[in-house]
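A look at the structure
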Amino acid sequence: MIGLAHRRTRARTWHSEHVEDLLSNWSGTVTYTPAAVARPSSVPELQELVAGSRRLRARGSGHSFNLLTGTTGTLVSLAGLAGAPELDAAGVRVRVPAGTAYGALARYLEEHGRALPAMASLPHVDVVGACATGTHGSGDGVGTLSGEVTGVELVTGTGELLSLTEEDPELAGAAVHLGALGVVTAVTLRVGPTYRVRQLVYEGLALEDLAGDLDGVLGAAYSVSVFTTWASGQGQVWIKARDGQWVGEPPGRWRGAVLADGPRHPVPGQPAEACTVQGGLAGAWHERLPHFRLEHTPSSGHEIQSEVFVPRDRAAEAIGLLQGVGPRIAPALQVSEVRTVAADSPWLSPAAGQDVVAFHFTWHPDAPAVERALAVLELALQPLGARPHWGKVTTMAPELVRSRWPRAGDFAALAERLDPQGRLRNDLLEAWFPRG
Ligand SMILES: Cc1cc2nc3c(=O)[nH]c(=O)nc-3n(C[C@H](O)[C@H](O)[C@H](O)COP(=O)(O)OP(=O)(O)OC[C@H]3O[C@@H](n4cnc5c(N)ncnc54)[C@H](O)[C@@H]3O)c2cc1C
């Protein structure tokens, strides 16, 4: 399996700047072993660091689950460059320095009456790091977070400053960058007016009904997630409805599922206080779209994650296949989540050029068991054109991964142009995008 080292520690609730904490990912399941750690305090210092390094990689908030962040050289924290987000005069674009969490950005935008169209399941994640791996939320009409990128500022592999705007055809190549093009110091995102969202949870939806009417279930509101363990044959539906949707008293039963009688956590057995407000109470977009609250540990904390994206028109087949392998993957699985992502344009987006359904898996932190289960399910889903998440674990062969993105060759060429000496290369990038 790609990039999985065995380690068990308690997950952190926030991006810590203790050097020791920079050397593993958030759940402690991946360990980085750089020769050095650096924390430049200005962009010129960062440029000097890059130009003088043989190998280096930047680190975000450490919420990825593979060795994409790994380097034998210097691991770079951008915390010393952190600044405040800046909205433009028209209020339609926001510049976000590296080291800014989505939660902090969202609060800033809300104070200015602005909003993002999507949030991931957690607000703790770094904006630049999330864009780097094609992080997404859910919604039939909503693309990945990187789909809103209108500018990328970076120190390239040669140590030069580069600013890509919407005028540059390479912007779509740099929106999901895997840290392969340089060290990104800021991104600019498109924003719109603020909006309110109500969240409702229904339990006991039959998976046959999900497969039989995918559009009816996943398109029931602005953002919908279905949580399941597959083997149970049932799912818990999280409906996030925007202004004008699901108005009035919610029905006690919906498609055979029952309205939850209190707040729920998606991972069985976890306390619901970590989750955003449910029960249909309207709130600001950033306090309902993520499943987890900023002040709490998201998800279970003791976990490994993987995710597979299937073209939307093959998703019903995928649900049938996952129900079939459900009993075999059950011992390793904590919970699985089904979401939708609308087609967008970043070259390496999981939804590049096609609407997809995302099948996410939160596993117990038992690497050998995860590897066995993942091999079973990814083998089942491969014939459907499945793409893996760039920031999570996968057993898919690197050449198969590469073949899933029509612009992979263009991305490899861009990486070679911006990092001719291969300073940002690591084993995972070598496997996915080998140099000629
Ligand atoms: C509890 C939990 C829930 C999650 N929910 C979702 C979800 O809802 N949807 C989803 O799609 N994903 C989800 N993820 C995955 C997560 O969003 C991605 O793995 C994302 O990359 C994490 O961002 P980060 O800053 O923590 O990345 P890191 O792990 O720190 O870095 C990821 C990659 O980005 C590079 N990078 C980071 N910053 C820079 C920079 N400034 N310049 C250059 N390269 C950089 C790193 O080198 C590395 O290659 C979840 C993860 C967790 C732990």
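The structure reproduced in this document is the subject of the present report.

1. Concerning the nonpolar core
Counting residues in each nonpolar core, the largest one holds 68 residues, and the members touching the most others are Tyr102, Leu189 and Trp285. Each of domain 1 (81-194) and domain 2 (196-390) contributes no fewer than three residues to this core. In this structure Tyr102 touches Leu116, Met119, Pro123, Val125, Asp126, Val127, Ala130, Cys131, Leu145 and Leu189, once residues within four positions along its chain are discounted. Counting 48 residues, the second largest nonpolar core, distinct from the first, contains Val357, Phe361, Leu381 and Ala386.

2. A short note on unusual backbone geometry
With a phi close to 55°, Trp246 is a non-glycine residue in the positive phi region. Structurally, Trp246 can be placed in the loop between strand S13 (234-242) and strand S14 (253-254).

3. A word on the site of the ligand
Of all residues adjacent to the ligand, which total 38 residues, the nearest are Ala58, Ser61, His63, Ser64 and Thr133. Within the side chain of Arg57, a nitrogen or oxygen atom sits 2.9 Å from an oxygen atom of the ligand. Contact between the ligand and Gly62: an oxygen atom at 2.9 Å from a main-chain N or O atom of the residue. The fraction of the free accessible surface of the ligand (970 Å²) that becomes covered by protein chains is 99%. Of all the secondary structure elements, the ones that give two or more residues to the shell around the ligand are strand S2 (56-59), helix H4 (127-132) and strand S9 (182-190). With four residues, the single largest contributor to the shell around the ligand is H4. Counted by class, the shell around the ligand contains 15 nonpolar, 18 polar and five charged residues. If you count residues domain by domain, the shell around the ligand takes at least three from each of domain 1 (81-194) and domain 2 (196-390).

4. Regarding empty space enclosed by the protein
Unoccupied space between atoms shows up once a probe the size of one water molecule is rolled over them. With the rule as written, the count across this model stands at three cavities of 30 Å³ or more. Computed from the structure, the largest cavity encloses a volume of approximately 80 Å³. Lining the largest cavity are 14 residues, and of these Met119, Gly137, Ser138, Ser223 and Leu289 sit closest to its centre. Classifying every residue of the lining of the largest cavity by side-chain character gives six nonpolar, six polar and two charged. When residues are assigned to domains, the lining of the largest cavity turns out to be shared by domain 1 (81-194) and domain 2 (196-390), each giving three or more.

5. Section: the sheet that holds strand S5 (residues 93-97)
One open sheet holds the five strands; their spatial order is S4-S5-S9-S7-S8, and the pairing between them is antiparallel. Strands at the two margins of the open sheet, each flanked by one partner only, are strand S4 (86-87) and strand S8 (161-165). Bridge count between strand S7 (residues 149-156) and S9: seven bridges; the pairing is antiparallel. Among the inter-strand pairings, Val149 is bridged to a residue of S9, identified as Leu189. Taken strand by strand, helix H2 (residues 43-51) contacts S7, S8 and S9, and its axis lies near 60° from that of S7. Here helix H3 (residues 102-111) sits on the sheet in contact with S4, S5 and S9, set at roughly 145° to S5.

The rules we used
- Residues numbered from 1 in each chain as written.
- Predicted model: local features only at pLDDT ≥ 70, side-chain atom pairs only at ≥ 80, totals over all residues.
- Heavy atoms only, no water.
- Core = buried A, V, L, I, M, F, W, Y, C linked by side-chain atoms within 4.5 Å.
- Buried < 20%, exposed > 50% of the residue type's maximum accessible area, 1.4 Å probe, protein only.
- Domains from an automatic or database assignment.
- Contact = heavy atoms within 4.5 Å.
- Helix = DSSP H or I, 4+ residues; strand = E, 2+ residues; numbered from the N terminus.
- Near = heavy atom within 4 Å.
- Polar contact = N/O pair within 3.5 Å; in protein donor to acceptor, adjacent residues only side chain to side chain.
- Areas by Shrake-Rupley, 256 points an atom, 1.4 Å probe, with all protein chains shown as cover.
- Nonpolar A, V, L, I, M, F, W, Y, C, P; charged D, E, K, R; others polar.
- 1 Å grid on protein atoms, 1.4 Å probe; cavity = no way out; pocket = protein on both sides within 12 Å on 5 of 7 lines; lining within 4 Å.
- Points joined across faces, edges and corners; volume = space filled by probe spheres on them.
- Pairing = 2+ DSSP bridges.
- Axes fitted to C-alpha atoms, helices over the stretch in contact; angles between N-to-C directions.

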